[in-house]
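If you want the building blocks of each chain, they are given just below.
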Amino acid sequence: MPDRSPQSPKQPPASAQRPTAAHEEEPASGGRGTGFAGPQTAPPSGGDAQRRGGDVCDLLVIGSGAGGLSAAVTAAHLGLKVIVAEKEPQFGGTTAWSGGWMWLPRNPLAVEAGIVEPIDEPLNYLRHELGERFDEARARTFLDAAPRMVEFFRSRTALRFIDGNAIPDFHGRTPHASLGGRSLCAAPFDGRRLGPHIQRLKPPLPETTLWGMGIASGAELRHFFNALRKPASFWFVAKRVLSHWKDLLVHRRGMRLVNGNALVAALAASALEAGVEIRTASPARRLVRDGERVTGAVLTTSDGPVEVHATRGVLLACGGFPHDDARKAALLPHARTGREHHSAASRGNTGDGLRLGESAGGRVGADLLQAAALAPVSLVPRADGSVAHFPHLIERAKPGLIMVRADGHRFANEADSYHDVLQALLQATPPGQPVQAWLVCDHAFMRHYGLGAAKPAPMPLGPMLANGYVKRGRTLAELAHACGIAADALQTTVQRYNAMARAGKDEDFDKGETPYNRMQGDAAFATERGWPNACMGPLESGPFYAVRVVAGSLGTFAGLKVNAQAQVLDAQGQPIPGLYAGGNDMDSMMAGHYPSGGITLGPAMTFGWIAAQHLATPAAAGAAPPSRGRHQQPGKAGSAVSLD
Ligand SMILES: Cc1cc2nc3c(=O)[nH]c(=O)nc-3n(C[C@H](O)[C@H](O)[C@H](O)COP(=O)(O)OP(=O)(O)OC[C@H]3O[C@@H](n4cnc5c(N)ncnc54)[C@H](O)[C@@H]3O)c2cc1C
């Protein structure tokens, strides 16, 4: 096979190129639990896959979450013809279920609000947090590009942001931690802008919604918690619900999109408006190579296998390996068979991108502190017999809740980040015992905040009791019995906790001591009740409730090793021509640490933007000039095309 390095003869632009024949299609060697099966690249000749004249582009993006769509939108604005291939019938992946928060220090919204910090501030925070795993070059690349990425999207695309100027970093005691200004969220988005494509947008995870209506974090969520206590909140909620019901009647789904759903919708609208083709139900099954160079992929479609030829390259953004049992077993010590880890990520994320990358010579990082973005997850039985994985991100920090293991003892500061709480549970669990704990609260808490997928009043609790998701006991002893928790120990734990809550000081785990804890807590509610700590309230009057949580995640961190341009690296550390990785298919720049909320989506957006600029530079990508000139800005050969 001829060896064609990036410097070898230029390929013609996509518009002028005919697709090469693809190859006989085989079932995916990926898929749930199939692990690291054999090569998935195919030589560029022979085979019987379908030929289709339109299957040539400059950039093929595999996966339609933030990692993929950020690159797709950027590349289209730089004049590249882009195809996005999505495995599921709807686009958006885990991103569409997410909170939509992105860690993007020094972003323009913070600066405009007067939060101006030199690059060394977030850089040194990462240096302290990541310790020996800190990669300064990569961190600098990210921190330098992040504000410019935001500026590009807010000025040139449909994506708008809301600020995170009051959102602190997770670890307030670490030097250079911020009290706010390092994160952004996607602003609410009007789904009607997607036109008929709205039906192809993955809706939010039902358990995190009210009748399918997403609720934005912050002020909006507070209104929902206070709907039965404060007239202003009641009217806010009533208006939101009525408008949502109207949308359901007219459009069959809500149109006021928030959080990660708004992020995906805005990115997809921007992509479609810039001429990107998004093909759903089209999983990539193998890469196509010409020598060392990745030149496309074979997709499985309802019309049979189709080869897409990509003149500039392929970007893998399949969302990591949260549902690949073999890889989980290999990289997550608590998941012996992989099935012990219950990720809340999208079920289509079965590790395909990592296997595709490996088939072309890429390497998956095995040296991260944690291979996944850990979170306590509860298992919610659904009416159709399936089980939802609900990540506990919000209620743990509210006053009046504790987490205990089966021994009846607390093991962590419940108000810490989901990642830290699950790490603490893993450490507290003796070898051989199941990784599980219970969130425990009293009746007042349950009806005010809800517990996991069980919603607060006035939503009925009965169905969640009937299906066994929520356990109830008139007394703590009865609750302990229902859950299999040591009853005496639980009563002692609650007694001690209540005394500490009234005093406002957690002598055991320092709950409520960091800015992040307090932001997640509820100072207003605690103050009303005379509790001095925003995260602590006594569990007083029954009935008492519990929900069991197990080991899970929001996604995975271990991914393909890449360079600063997101090019996938081979075993020698050299870029594989034509192959890029994005989102969670890219080894996390946080190296398995979790310093702040939004550290997957922030880098996903930023490195997608960087990769697209690299791809748009013919010499850098080792390929032809882009096939479309309409949005392109001039770029120097050999250096990245800039969108600034
Ligand atoms: C409830 C929840 C809240 C979260 N909140 C946040 C937050 O606020 N901030 C944050 O930073 N992170 C958050 N996360 C994590 C975050 O959502 C993910 O890390 C992120 O969305 C991953 O983006 P991605 O582009 O890598 O993957 P995804 O968004 O999952 O997209 C990957 C896509 O690739 C597709 N795919 C897989 N295999 C193939 C194939 N062979 N061919 C074609 N397509 C394929 C998948 O179907 C999927 O659509 C949250 C996660 C959850 C579950």
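Residues numbered from 1 in each chain as written. Predicted model: local features only at pLDDT ≥ 70, side-chain atom pairs only at ≥ 80, totals over all residues. Heavy atoms only, no water.

**Considerations on the overall build of the protein chain**
Scanning the protein chain from N- to C-terminus turns up 18 helices and 21 strands. Intrachain contacts of the protein chain at a sequence separation of at least 6 include 75% that bridge at least 24 residues. (Helix = DSSP H or I, 4+ residues; strand = E, 2+ residues; numbered from the N terminus. Contact = heavy atoms within 4.5 Å.)

**So, the environment of Pro-188**
Tracing the chain through its elements places Pro-188 in the loop between β6 (183-186) and β7 (189-190). With a relative accessible area of 40%, Pro-188 lands in the partly exposed category. Residues Pro-188 and Val-258 lie 70 residues apart in sequence; the distance between their C-alpha atoms is 4.5 Å. If sequence neighbours within four positions are ignored, Pro-188 has contacts with Arg-256, Leu-257, Val-258 and Ala-262. (Buried < 20%, exposed > 50% of the residue type's maximum accessible area, 1.4 Å probe, protein only.)

**Examining unusual backbone geometry**
Note that the residue after Ala-457, namely Pro-458, is joined by a cis bond; omega there is 10 degrees. Residue Pro-543 is bonded to the preceding Gly-542 through a cis peptide linkage, with omega at 0 degrees. Notably, Arg-106 is not glycine yet its phi reads approximately 65 degrees, a positive angle. With respect to the helices and strands, Arg-106 occurs in the loop between β4 (101-103) and α2 (108-112). Judged by its relative accessible area of 24%, Arg-106 falls in the partly exposed class.

**With respect to the environment of Asn-517**
Positionally, Asn-517 belongs in helix α15 (residues 515-520). Residues Asn-517 and Ala-415 lie 102 residues apart in sequence; the distance between their C-alpha atoms is 5.2 Å. Residues contacting Asn-517, with those up to four places away along its chain left out, are Ala-397, Asn-413, Ala-415, Asp-416, Asp-510, Lys-511, Gly-512 and Cys-535. Only 2.9 Å separates the side chain of Asn-517 from the backbone nitrogen of Gly-512, close enough to count as a polar contact. (Polar contact = N/O pair within 3.5 Å; in protein donor to acceptor, adjacent residues only side chain to side chain.)

**Here's the deal with the site of the ligand**
The full set close to the ligand counts 37 residues, and Glu-86, Thr-95, Trp-101, Asn-349 and Asn-584 are the nearest of them. Note that an oxygen atom of the ligand is positioned 3.3 Å from one of the backbone N or O atoms of Gly-93. Contact distances for the ligand include 2.8 Å between an oxygen atom and a backbone N or O atom of Thr-94. Protein coverage of the free-state accessible area of the ligand, which is 1,000 Å², stands at 97%. Counted by class, the shell around the ligand contains 15 nonpolar, 18 polar and four charged residues. (Near = heavy atom within 4 Å. Areas by Shrake-Rupley, 256 points an atom, 1.4 Å probe, with all protein chains shown as cover. Nonpolar A, V, L, I, M, F, W, Y, C, P; charged D, E, K, R; others polar.)

**Remarks on helix α6 (residues 231-251)**
For α6, spanning 21 residues, the distance from its first C-alpha to its last is 30 Å, which sits close to the expected 30 Å at 1.5 Å a residue. Every buried residue of α6 is listed here: Ser-233, Val-237, Ala-238, Arg-240, Val-241, His-244 and Asp-247. Against the buried residues of α6 lie α5 (219-225) and β8 (256-257). Phi for Arg-252, located one or two positions after α6, is positive at around 70 degrees. (Expected span 1.5 Å × (residues − 1).)

**A word on the nonpolar core**
When a protein is soluble and globular, its nonpolar side chains tend to lie buried together. By size, the foremost hydrophobic cluster in this structure holds 160 residues, and its most contacted members are Leu-60, Val-82, Phe-153 and Leu-287. Setting aside residues no more than four positions away along its own chain, Leu-60 makes contact with Ile-83, Ala-85, Gly-296, Ala-297, Val-308, Ala-310, Gly-313, Val-314 and Leu-315. Of all hydrophobic cores here, the second largest spans 18 residues; its members include Ile-402, Trp-438, Leu-479 and Tyr-497. (Core = buried A, V, L, I, M, F, W, Y, C linked by side-chain atoms within 4.5 Å.)

**A short note on the environment of Pro-595**
Looking at the element boundaries, Pro-595 is found in the loop between β21 (575-581) and α17 (601-615). Residues Pro-595 and His-171 lie 424 residues apart in sequence; the distance between their C-alpha atoms is 6.5 Å. Beyond its immediate chain neighbours, meaning those up to four positions away, Pro-595 contacts Tyr-125, Leu-126, Glu-129, Asp-169, Phe-170, His-171 and Met-590.

**Regarding the confidence of the model for the protein chain**
This prediction gives the protein chain a mean pLDDT of 89; 88% of its residues lie at or above 70. Low pLDDT, under 50, characterises residues 1-13; the predicted model gives this stretch 26 contacts beyond four residues in sequence or across chains. Long-range and interchain partners of residues 629-641, a stretch whose pLDDT sits below 50, account for 32 contacts in this model, where long-range means more than four residues apart. (pLDDT = per-residue confidence, 0-100.)

**A short note on helix α10 (residues 418-428)**
With nine of 11 residues buried, α10 is to be regarded as a mostly interior element. Along α10, the residues that are buried comprise Tyr-418, His-419, Asp-420, Val-421, Leu-422, Gln-423, Ala-424, Leu-425 and Leu-426. On its buried side, α10 packs onto β14 (372-381), β16 (401-404), β17 (436-442), α15 and β19 (544-556).

**So, the pairing of strand β2 (residues 56-62)**
For a regular strand, the rule is simple: side chains alternate between the two faces of the sheet. The buried count for β2 comes to seven of seven residues, which makes it a mostly enclosed element. Here β2 runs beside strand β12 (residues 304-316); their pairing, made up of six bridges, is parallel. Directly across from Val-56, in β12, lies its bridge partner His-309. As paired elements, β2 and strand β3 (residues 82-85) share four bridges and run parallel to each other. Bridge assignment links Ile-62 to a residue of β3, and that residue is Ala-85. Between β2 and its parallel partner β3, the chain crosses via helix α1 (residues 66-77), and the hand of that crossover is right-handed. (Pairing = 2+ DSSP bridges. Right-handed = clockwise from strand over helix to strand, strands pointing away.)

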